[in-house]
Amino acid sequence: MSDLNTLTLAQARDALRKGETTSVALTEACLAAIEGAGALNAFVHKTPEIALERAQAADVRLQSGDAPKMCGLPIGIKDLFCTKGVPSQAASHILEGFKPEYESTVSQQLADAGAVMLGKLNMDEFAMGSSNETSCYGNAVNPWRRGNDDAALTPGGSSGGSAAAVAADLCLAATGTDTGGSIRQPAAFVGITGIKPTYGRCSRWGIVAFASSLDQAGPMTKDVRDAAIMLEAMCGHDPKDSTSAELAVPDFEAMLTGDIRGKVIGIPREYRMDGMPEEIEALWQQGTEMLRAAGAEIRDISLPHTKYALPTYYVIAPAEASSNLARYDGVRYGHRAKLAQGDGITEMYEKTRAEGFGHEVQRRVMVGTYVLSAGFYDAYYNRARKVRTLIKKDFEDVFAAGVDAILTPATPSAAFGLGEMTDADPVQMYLNDVFTVTVNLAGLPGVSVPAGLDKQGLPLGLQLIGRPWEEGDLLNTAYALEQAAGFVAKPAKWW
Ligand code: GLN
């Protein structure tokens, strides 16, 4: 078989089981693709020795007929996941040299399911950003380009390395995390599938914390079937994370029938934003028609508090981040600043944090500290929490009225140019998350499915938002949309 790295998880799994290829061959194909794709800056720590060792072990298991579900499938892991003995820096200078003594639950579960880790993937520093430009390793690059223009585009963020790697076939799939859109927005920018499951589906243990009440891990894959396969391996109850749910994990792949007849799909009027590009509006309309044609009932709905979601998110997420990031003090992990004669512990904290954190992280820590301060706690943080409850209730109301899933655009634009936003007001960058943050605030599952190309030939995604814990049903609706949209485009290789 040729081009093994271009296979989906399902194709590779089936080929392995039929003895048509080996995990070592798949892994070597991915490692070679990674070596040839330095220009994408997607992998920031490569682990070829670990990969080949696990691939060999997987081949033995496959031969003995005792192969778990993801046995032998090579994947990438976002740098936010702690991986034992392997650098895990959350793309921050402050974690330089940090090699965890433990493995995150999600990456452990993937390893237990037989998946082969190829290395760690680029991301925005501490997962704060929408363009991968806040990474201490420099940004990853989108494999897609606008027509014949060779300007480098962002793969989105924060899981930009994961997105670029999957779209460029450097790995069969990758993990991502999503606090406000970091799986769905980059997936949309590179034409792949990404699902953020219900809050509590995946254990957060061993994933570097950004905003603990919003963070969730999820798969970034070449198609919906792969998302189902990988999500099943990633989720499940973990006693080490008190917010992880004690619920059985269904066989998500078995739920992909493509039959959505009678399902009620809500179209929220508040997601029709002023100034939204016509192409996005048109795509949304087409997606609606596709679901209708597949037998779903389309219903106009209202989520009245949507306009408060972005400001609410940008109070709650920095508040939690400022608290979570207080642990990086130069004492326990990673980087410690060189101190001058007479410096005490306060200077050590200050200098270490000033050197170790990038600008965006510092901005979030300052905003977070401010909204949590005694004088402003009620005015900002508590108020944001109340609005969050209203946003959640908007969704509860429409689900209670019989809506099964909600269709929206995934992003307000296609991938933008690297550097295009650097001089802009940071709020411009935050606007990228306008369609995704509501889902994190409400703790719901959301999936981004590639559904078309814009005039410049760049991928555009649609988002489906589901009822809590009903990822299987949501993935099935996504599967029906995927079948109807028939998105098969791939970026032309220039790297
Ligand atoms: N772009 C959003 C932010 O900067 C979301 C990030 C994420 O989901 N990790 O906060």
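Here the structure is a predicted model, which is why all the values come from computation and not from measurement. (Residues numbered from 1 in each chain as written. Predicted model: local features only at pLDDT ≥ 70, side-chain atom pairs only at ≥ 80, totals over all residues. Heavy atoms only, no water.)

Draft legend 1. Looking closely at the packing of aromatic side chains. Under the counting rule described, the total for this entry stands at 16 aromatic pairs. Judged by centre distance (5.8 Å) and plane angle (90°), the ring pair of F189 and F416 falls under edge-to-face. A residue pair is termed long-range when its members are at least 10 positions apart, and F189 in helix 6 (residues 184–190) and F416 in the loop between strand 9 (405–409) and helix 13 (426–430) qualify at 227 residues. Here F189 and F416 have matching classes, each one buried. A network of ring pairs unites the aromatic residues F98, F126, Y328, Y333 and F357 as a single cluster. Positioned above the aromatic ring of W494, the side-chain terminus of R145 is 3.8 Å from the ring centre. Its end group placed over the ring of W205, K240 keeps NZ or CZ at 4.0 Å from the ring centre. (Phe/Tyr/Trp six-rings, centres within 6.5 Å; stacked < 30°, edge-to-face > 60°. Helix = DSSP H or I, 4+ residues; strand = E, 2+ residues; numbered from the N terminus. Buried < 20%, exposed > 50% of the residue type's maximum accessible area, 1.4 Å probe, protein only. Lys NZ or Arg CZ within 6 Å of the ring centre and 35° of its normal.)

Draft legend 2. Expanded view of the UniProt feature "domain: Amidase" (unreviewed entry) in the chain. Listed under "domain: Amidase" (unreviewed entry) in the UniProt record, and renumbered for this structure, are residues 26–475. Here residues 26–475 is 35% helix and 14% strand, with 27 Å between the C-alpha atoms at its ends. (UniProt positions renumbered as here; feature names shortened; annotations may be inferred.)

Draft legend 3. Representation of the sheet that holds strand 4 (residues 173–178). The eleven strands are arranged 1-3-2-4-6-5-10-11-9-7-8 in an open sheet whose pairing can be described as mixed. Edge positions in the sheet fall to strand 1 (43–46) and strand 8 (297–301), since each of these pairs with one other strand and no more. On average, each strand axis in the sheet is tilted by 30° relative to the strand beside it, whichever way the strands run. Bridging between strand 2 (residues 74–78) and strand 4 involves two bridges; their strand directions are parallel. In the strand pairing of strand 4, I75 is matched with A173. (Pairing = 2+ DSSP bridges. Axes fitted to C-alpha atoms, helices over the stretch in contact; angles between N-to-C directions.)

Draft legend 4. Up close: empty space enclosed by the protein. Applying the stated criterion to the full structure yields two cavities of 30 Å³ or more. Approximately 90 Å³ is the volume attributed to the largest cavity. Lining the largest cavity are 15 residues, with G129, S182, Y313, Y314 and D433 positioned closest to its centre. Of the residues contributing to the lining of the largest cavity, the split by class is five nonpolar, eight polar and two charged. If you add up the space inside the second largest cavity, you get close to 40 Å³. (1 Å grid on protein atoms, 1.4 Å probe; cavity = no way out; pocket = protein on both sides within 12 Å on 5 of 7 lines; lining within 4 Å. Points joined across faces, edges and corners; volume = space filled by probe spheres on them. Nonpolar A, V, L, I, M, F, W, Y, C, P; charged D, E, K, R; others polar.)

Draft legend 5. Region of interest: the site of the ligand. Around the ligand, the structure places 15 residues, and the nearest of them are T179, G180, S182, Y313 and R364. Contacts to the ligand include G129, whose backbone N or O atom sits 2.9 Å from an oxygen atom. Here T179 contributes a backbone N or O atom positioned 2.7 Å from an oxygen atom of the ligand. In isolation the ligand exposes 290 Å². Once the protein is present, 100% of that is buried. Mapping the ligand onto the cavity grids shows that it belongs to the largest cavity. Tallied by class, residues from the shell around the ligand come to five nonpolar, seven polar and three charged. (Near = heavy atom within 4 Å. Polar contact = N/O pair within 3.5 Å; in protein donor to acceptor, adjacent residues only side chain to side chain. Areas by Shrake-Rupley, 256 points an atom, 1.4 Å probe, with all protein chains shown as cover. Sits in = over half its atoms within 2 Å of the grid points.)

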